[in-house]
Amino acid sequence: MLPELIGGSADLAASNLTLWSHSHPLARAGGGNYIYFGVREFGMSAISNGIALHGGLLPYCATFLTFSDYARNALRMAALMKQRVIFVFTHDSIGLGEDGPTHQPVEHAATLRLIPHMDVWRPCDATESLVAWVAAIERSDGPSSLLFTRQNVPAQQRTAAQLADIRRGAYVLSEARGGGARALIIATGSEVALAMAAQKVLADEGIPVRVVSMPSTSVFDRQDAAYRTSVLPAAVPAVAVEAGVSDLWRKYVGLAGAVIGIDRFGESAPASEVFKFFGFTTENVVKAVRQVL
């Protein structure tokens, strides 16, 4: 039997969308299952660790991804102690737009992925989000971080086999037209839609490309070599697309591949303009694929 969920947020419940129909605020008047922590990300995360250590409840807490910096020590301790805590981080990229670089996480997804025992999920749509939540709830040997975009994203079509493979961290979301992919595009989160659009443009040019969605590098890296190779064949050149620092993706694309990332801080402008400014466009993904062939 799964323990009862108890949630909380750092003064951002409405923005994080972590309140649900069965959320009842914890107050002096009586018990509840949702805590409003105020502006205190470290305290929120540390208390969540304590709830997990006490047992009987499964804690989840939420804030913007850029504020994971304030919670860093508690996140590390959750992973070090292998505690069952779910950390929800929203507004996960430069798509935060007008709030500017102070609120736009660039290195944060990468640094979370570097924490041992921390499973990090960056889903591309509602289906991957649901799978990420289920994986985090069912996990019993460590914490999970769920990274969600602010942007509206299209729902992707999947077969039953593809649905099952989401739990493996990465999978072939869209096979190259006619098979025999000449290149791979690896993407996460809101950038998966870009990869799918680029695949169509390239297919119309006669260049078959496979699109791989990789919502969790942490989980994918634990898969057996045969599965990893089936998703990312070593002989096929690859391009990775994520609105964050690029270094991590070199282990998947190699030195001969390409990474469309952002290795500087963001700018303050509407999200669509910021993404275009930093090259997160269909045209730029298509260009990168042509360059690696």
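This report concerns the structure included in the present document. Per chain, residues are indexed from 1 in the order of the written sequence. Local features in this predicted model are restricted to residues whose pLDDT is 70 or higher, and side-chain atom pairs enter the listing and the counts only when it is 80 or higher, whereas totals over whole chains, interfaces and linings include all residues. Note that water and hydrogens are dropped before the side-chain values are worked out from all heavy atoms of the structure.

**Observations regarding the packing of aromatic side chains**
Aromatic ring pairs are defined here through the distance separating the ring centres and the angle between the ring planes. Aromatic rings from Phe, Tyr and Trp, with only the six-membered ring used for Trp, were paired whenever their centres fell within 6.5 Å, and each pair was classed as stacked if the ring planes differed by under 30 degrees, edge-to-face if by over 60, and tilted otherwise. Considering all chains together, one arrives at eight aromatic pairs under this definition. Ring centres of Phe 220 and Tyr 252 lie 6.3 Å apart, and the angle between their planes is 55°; this geometry places the pair in the tilted category. Placement of Phe 220 in helix α8 (residues 217-220) and of Tyr 252 in helix α10 (residues 250-253) is noted, with a sequence separation of 32 residues between them. For the pair shown, Phe 220 and Tyr 252 are each scored as buried. What counts as a helix is a DSSP run of H or I of at least four residues, what counts as a strand is a run of E of at least two, and both are numbered from the N terminus. Each residue gets one of three labels from its accessible area relative to the maximum for its type: buried under 20%, exposed over 50%, partly exposed in between, using a 1.4 Å probe on protein chains only.

**Side note on the environment of Ile 137**
With respect to the element layout, Ile 137 can be found in helix α5 (residues 126-138). For Ile 137, a relative accessible area of 19% puts it in the buried group.

**Thoughts on the sheet that holds strand β7 (residues 171-174)**
When DSSP finds two or more bridges between two strands, those strands count as paired. Strand order in the open sheet formed by five strands is β7-β9-β8-β10-β11, and the pairing between neighbours is mixed. Both edges of this open sheet fall to β7 and β11 (258-260), since each of them pairs with a single strand only. Recorded for the sheet is a direction-independent mean angle of 30° between the axes of neighbouring strands. Bridge analysis of strand β8 (residues 183-187) against strand β10 (residues 238-241) gives four bridges, and the strand direction is parallel. Each bridged residue has a counterpart across the sheet, and for Ala 187 the counterpart in β10 is Val 241. Where helix α7 (residues 192-204) meets the sheet, it contacts β7, β8 and β9 (209-213), and its direction lies at approximately 170° from that of β9. Lines fitted to the C-alpha atoms define the axes, with helices restricted to the stretch that makes contact. Angles between their N-to-C directions range from 0 to 180 degrees. We call two residues in contact when some of their heavy atoms are within 4.5 Å.

**Re the sheet that holds strand β1 (residues 4-9)**
Pairing is parallel across the open sheet formed by six strands, whose spatial order is β2-β1-β3-β4-β6-β5. Single-partner strands in this sheet number two, and they are β2 (34-36) and β5 (119-121). Averaged over all neighbouring strand pairs, the angle between strand axes comes to 20°, with direction disregarded. As paired strands, β1 and β2 are joined by three bridges and run parallel to one another. Across the sheet, the residue bridging to Gly 7 is Tyr 34, located in β2. Across the sheet, helix α2 (residues 41-54) is in contact with β1, β2, β3 (57-64) and β4 (86-90); its angle to β3 comes to roughly 165°.

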